Amino acid sequence: MEFPAKDSIGALVALSVAGLGYRQWKRTKRSGKFIEDRETAYKEVWEALEHVHLYVRAGQFDERAFDDLIRSANTLLIQRGLHISQDDKQRAASYIEALGRLGRVLAQMNPASGARREMALTAEGVAMPPEFKGAYDAYQSSRESTMEGFRHAIGAGQIGSGLPPNRSMKASGQSNSGARSLCALGMSPRTQARTAKGA
């Protein structure tokens, strides 16, 4: 009885191709799950930051309540650290610091002032008195930078509303340190580069 070599080689090649195809499918499936998880992580952290933002704008600034909200945001940053880039963690820390400064400034303002009322109503582009403008401008710049970084990470346009693009941390003058940020994990530079190419 003869065993055809062609059929055996053909079967072996077919099995190899099927095995490689299955492996690629599994890899793609895992990669898709990571991307989904990253998107979810960024959205959850953004929502926590916006809770802090809206609290500060309300003008009823209390350091303890602020710290509780910051603790919640930082807890999410730690828990979702695998998916949040180090640059975005630093942007979030700068945003948190800017919100703290803005909250303290708003607490000093006359509750009847027009700027304080506009902030409480969540108006954009509030005309701040000169003595408070620095804190307000730092908050605006930090928010834009954080929003842009988060948008880029999950695929532009899914967070926030039409603020100017292309604002980097360095361009906005933000520091890389965050006294209140507890984040330690980040994506590798290679992963960040792949993410940037895909966006």
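Residues numbered from 1 in each chain as written. Predicted model: local features only at pLDDT ≥ 70, side-chain atom pairs only at ≥ 80, totals over all residues. Heavy atoms only, no water.

1. Observations regarding the overall build of the protein
Working step 1: Per the secondary structure count, the protein includes six helices and zero strands.
Working step 2: Mapped from its N terminus to its C terminus, the protein presents α and β elements in the order α-α-α-α-α-α.
Working step 3: The proportion of buried residues among the 199 residues of the protein is 38%.
Working step 4: In the protein, the share of contacts with a sequence separation of at least 24, taken over all contacts with a separation of at least 6, comes to 71%.
Working step 5: In the form shown here, the protein has an accessible surface area of approximately 11,800 Å², with 57% of it arising from carbon and sulfur atoms. (Helix = DSSP H or I, 4+ residues; strand = E, 2+ residues; numbered from the N terminus. Buried < 20%, exposed > 50% of the residue type's maximum accessible area, 1.4 Å probe, protein only. Contact = heavy atoms within 4.5 Å. Areas by Shrake-Rupley, 256 points an atom, 1.4 Å probe, with all protein chains shown as cover.)

2. Digging into the packing of helix 3 (residues 86-108) against helix 5 (residues 130-154)
Working step 1: Following both chains from N to C, one finds helix 3 and helix 5 inclined at 150°, their axes separated by 8 Å at the closest point. By the criterion of interaxial angle, the relationship of helix 3 to helix 5 is roughly antiparallel. Crossing angle aside, the handedness with which helix 3 passes helix 5 is left-handed. Together, Asp88, Arg91, Ala92, Ser94, Tyr95, Ala98, Leu99, Arg101, Leu102, Val105 and Gln108 of helix 3 and Phe132, Ala135, Tyr136, Ala138, Tyr139, Ser142, Arg143, Ser145, Thr146, Gly149, Phe150 and Ala153 of helix 5 make up the contact between the two elements.
Working step 2: Taken together, the residues that form the contact of helix 3 with helix 5 break down as 13 nonpolar, six polar and four charged. (Axes fitted to C-alpha atoms, helices over the stretch in contact; angles between N-to-C directions. Parallel < 35°, antiparallel > 145°, perpendicular 65-115°, else oblique. Left-handed = near helix turned anticlockwise from the far one by under 90°. Nonpolar A, V, L, I, M, F, W, Y, C, P; charged D, E, K, R; others polar.)

3. Topic: the side chain of Ser85
Working step 1: Along the chain, Ser85 falls in the loop between helix 2 (63-79) and helix 3.
Working step 2: Overall, the relative accessible area of 7% leaves Ser85 in the buried class.
Working step 3: Only 3.1 Å separates the side chain of Ser85 from the backbone nitrogen of Asp88, close enough to count as a polar contact. (Polar contact = N/O pair within 3.5 Å; in protein donor to acceptor, adjacent residues only side chain to side chain.)

4. Here we look at the nonpolar core
Working step 1: Within the largest apolar cluster, 37 residues are counted, with the highest numbers of intra-cluster contacts made by Leu49, Val56, Phe66 and Met128.
Working step 2: Sorting the residues of this core by element identifies helix 1 (5-57), helix 2, helix 3, helix 4 (114-120) and helix 5 as the ones contributing at least two each.
Working step 3: Here this core takes nine residues from helix 1, the largest share from any one element. (Core = buried A, V, L, I, M, F, W, Y, C linked by side-chain atoms within 4.5 Å.)

5. Focus: the pattern of salt bridges
Working step 1: Scanning the entire structure with this criterion turns up eight salt bridges.
Working step 2: Asp37 is paired through a salt bridge with Lys33; the nearest N and O atoms lie 3.1 Å apart. Placement of the pair is Asp37 and Lys33 together in helix 1, with a separation of four residues, close to one helical turn.
Working step 3: Judged by its relative accessible area of 46%, Lys33 falls in the partly exposed class.
Working step 4: Where Glu44 meets Arg80, a salt bridge forms, and the shortest distance between an N and an O atom there is 2.5 Å. Linking Glu44 in helix 1 with Arg80 in the loop between helix 2 and helix 3, this pair joins segments that are 36 residues apart in sequence.
Working step 5: A residue is classified by how much of its surface remains accessible, and Glu44, at 27% relative accessible area, is partly exposed.
Working step 6: Here Arg80 falls in the partly exposed class, since its relative accessible area comes to 26%. (Salt bridge = Lys/Arg side-chain N within 4 Å of Asp/Glu carboxyl O.)

6. Notes on the confidence of the model for the protein
Working step 1: When the pLDDT values of the protein are averaged, the result is 74; 67% of them are 70 or greater.
Working step 2: Segment residues 161-199 is flagged for pLDDT under 50; beyond a separation of four residues in sequence, or across chains, it makes 79 contacts in the model. (pLDDT = per-residue confidence, 0-100.)

7. Some points on the packing of aromatic side chains
Working step 1: Following the criterion strictly, the structure yields six aromatic pairs and no others.
Working step 2: Look at Phe61 and Phe66: their rings are 5.1 Å apart centre to centre, the planes differ by 45°, and that puts the pair in the tilted class.
Working step 3: Its relative accessible area of 0% is what places Phe66 among the buried residues.
Working step 4: Relative to Tyr139, the ring of Tyr136 lies with its centre 5.6 Å away and its plane at 50°, an arrangement referred to as tilted. On the criterion of helical spacing, the pair formed by Tyr136 and Tyr139 is a turn pair, its members being three residues apart in helix 5. Assigned by exposure class, Tyr136 and Tyr139 land together as buried. (Phe/Tyr/Trp six-rings, centres within 6.5 Å; stacked < 30°, edge-to-face > 60°.)

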